[in-house]
Amino acid sequence: MFTGIVEELGEMVSSTATADDSALVAIRGPLVTSDARHGDSIAVNGVCLTVVDVDGGVFTADVMGETLRRTALGTLRPGDPVNLERAAALDSRLGGHLVQGHVDGVGEVVAREPAQRWETVRFRLPAGLARYVVEKGSITVDGVSLTVAEAGDDWFSVGLIPTTLSLTTLGARKPGDPVNLEVDVLAKYVERLLGDRSAGGVR
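These numbers come from a predicted model, not from an experiment.

Here we look at the overall build of the protein
Each helix and strand in the protein was counted, giving 3 helices and 12 strands. For the protein, the C-alpha radius of gyration of 17 Å lies close to 17 Å, the compact-globule estimate for 203 residues. In terms of principal-axis extent, the alpha carbons of the protein reach across some 50 × 50 × 35 Å. In the protein, buried positions account for 40% of the 203 residues. A sequence separation of at least 24 residues applies to 68% of the contacts in the protein between residues at least 6 apart. Summed over all atoms, the accessible surface of the protein reaches about 10,900 Å², with 52% contributed by carbon and sulfur.

Some remarks on empty space enclosed by the protein
Within the structure shown, the criterion is met by 2 cavities of 30 Å³ or more. There is about 40 Å³ of room inside the largest cavity. Breaking the lining of the largest cavity down by element, the ones donating at least two residues are strand S1 (8-17) and strand S2 (23-28). Classifying every residue of the lining of the largest cavity gives 9 nonpolar, 1 polar and no charged. Within this model, the second largest cavity holds a volume of roughly 30 Å³. Lining the second largest cavity we find Val6, Ala43, Gly46, Asn83, Leu84, Glu85 and Gly143. In terms of residues, the lining of the second largest cavity owes the most to one element, strand S6 (residues 81-86), which gives 3 residues.

Here's the deal with the sheet that holds S1
Taken together, 6 strands build a closed barrel; the order of strands is S1-S2-S5-S4-S3-S6 and the barrel is antiparallel. Averaged over all adjacent pairs, the angle separating strand axes in this sheet is 45°, with direction ignored. Pairing of S1 with S6, which is carried by 4 bridges, proceeds in the antiparallel orientation. Within S6, the residue paired with glutamate 11 across the bridge is proline 81.

Here's the deal with the pairing of strand S10 (residues 144-151)
As paired strands, strand S9 (residues 138-141) and S10 are joined by 4 bridges and run antiparallel to one another. Looking at S10, one finds that isoleucine 139 is bridged to leucine 146. Linkage of S9 to S10, two consecutive antiparallel strands, is achieved through a turn of 2 residues, within which aspartate 142 is found at a positive phi near 50°. In this sheet, strand S11 (residues 155-160) lies alongside S10 in antiparallel orientation, the contact comprising 3 bridges. Paired with alanine 151 across the bridge in S11 is phenylalanine 156. Once S10 ends, the chain turns through 3 residues before running back antiparallel as S11.

Thresholds, definitions, all that
- Every chain is numbered on its own, with residues counted from 1 as its sequence reads.
- Totals for whole chains, interfaces and linings use every residue, but because this is a predicted model, local features are given only for residues with pLDDT of at least 70 and side-chain atom pairs only at 80 or more, for both listing and counting.
- Side-chain figures throughout are based on the complete set of non-hydrogen atoms in the structure, without hydrogens or water.
- A run of DSSP states H or I qualifies as a helix once it reaches four residues; a run of E qualifies as a strand once it reaches two. Both are numbered from the N-terminal end.
- Restricting the calculation to C-alpha atoms gives the radius of gyration, and the globule rule supplies 2.2 Å times the number of residues raised to the power 0.38.
- Here's how the labels work: a residue is buried when its accessible area is under 20% of the maximum for its type, exposed when over 50%, partly exposed in between, all with a 1.4 Å probe on protein chains only.
- It only takes one pair of heavy atoms within 4.5 Å for two residues to be counted as in contact.
- Computed with a 1.4 Å probe, the accessible areas rest on the Shrake-Rupley method; for each residue, only the protein chains presented here act as cover.
- In this analysis a 1.4 Å probe is tested at points of a 1 Å grid over the protein atoms alone, and where it fits but cannot get out there is a cavity; an open set with protein on both sides within 12 Å along at least five of seven lines is a pocket; lining residues have an atom within 4 Å of a point.
- Grid points are joined across faces, edges and corners, and a volume is the space filled by probe spheres set on the points.
- Nonpolar residues are Ala, Val, Leu, Ile, Met, Phe, Trp, Tyr, Cys and Pro. Charged residues are Asp, Glu, Lys and Arg, and all others, Gly as well, are polar.
- When DSSP finds two or more bridges between two strands, those strands count as paired.
- Every axis corresponds to a line fitted to the C-alpha atoms, with the helix fit spanning only the stretch in contact, and the corresponding angles, defined between N-to-C directions, vary from 0 to 180 degrees.

By themselves these figures say nothing about function.
If you want it as structure tokens, here you go:
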């Protein structure tokens with residue numbers, strides 16, 4: 001479980017193809033690896049990965065073919081920056097919202113509108129995700145917990161403050177760039193429960 005508060009802007013070091021369309025990725029992140037051990041969870045652009053090994057500020061993780069197909073991790077190249085966050089600790093403050101690190105789909109940057117101190121960024125949503133996105137609700141974009149400013153049938157927009165622009169990958173994303181999206185898990189649970197109730201499955 002994560003909070004969507006990026007701890008460090010890391011770097012993709014390498015991605016080596018392995019069997020069954022999977023890959024072994026190496027990510028540089030001195031902060032997140034400072035206490036990392038084999039088996040720990042680290043979110044990379046919002047994707048929960050399991051640490052295989054740590055060496056000199058670089059950790060490696062196995063990425064299954066399914067993950068490569070359903071997220072934007074497969075588009076990363078050596079040198080690309082990545083948002084990194086260690087799994088949340090039970091004794092820490094929840095600064096963002098509950099984030100699982102399970103990407104629901106890949107969106108796309110549509111437009112950016114700079115203002116004096118912040119930017120409004122609009123993203124296109126994959127089919128089927130719009131029903132989980134509401135104005136003033138929470139959404140995770142490349143691992144960053146954000147508040148939805150506006151929402152349409154196949155898009156949503158957010159406001160990015162200077163800290164987010166400078167300390168995450170979202171400051172450099174351009175129109176056409178893919179982004180990992182995770183909708184609020186609470187919305188999915190509510191939908192499932194209401195569906196069961198209408199079908200007579202909940203008393």
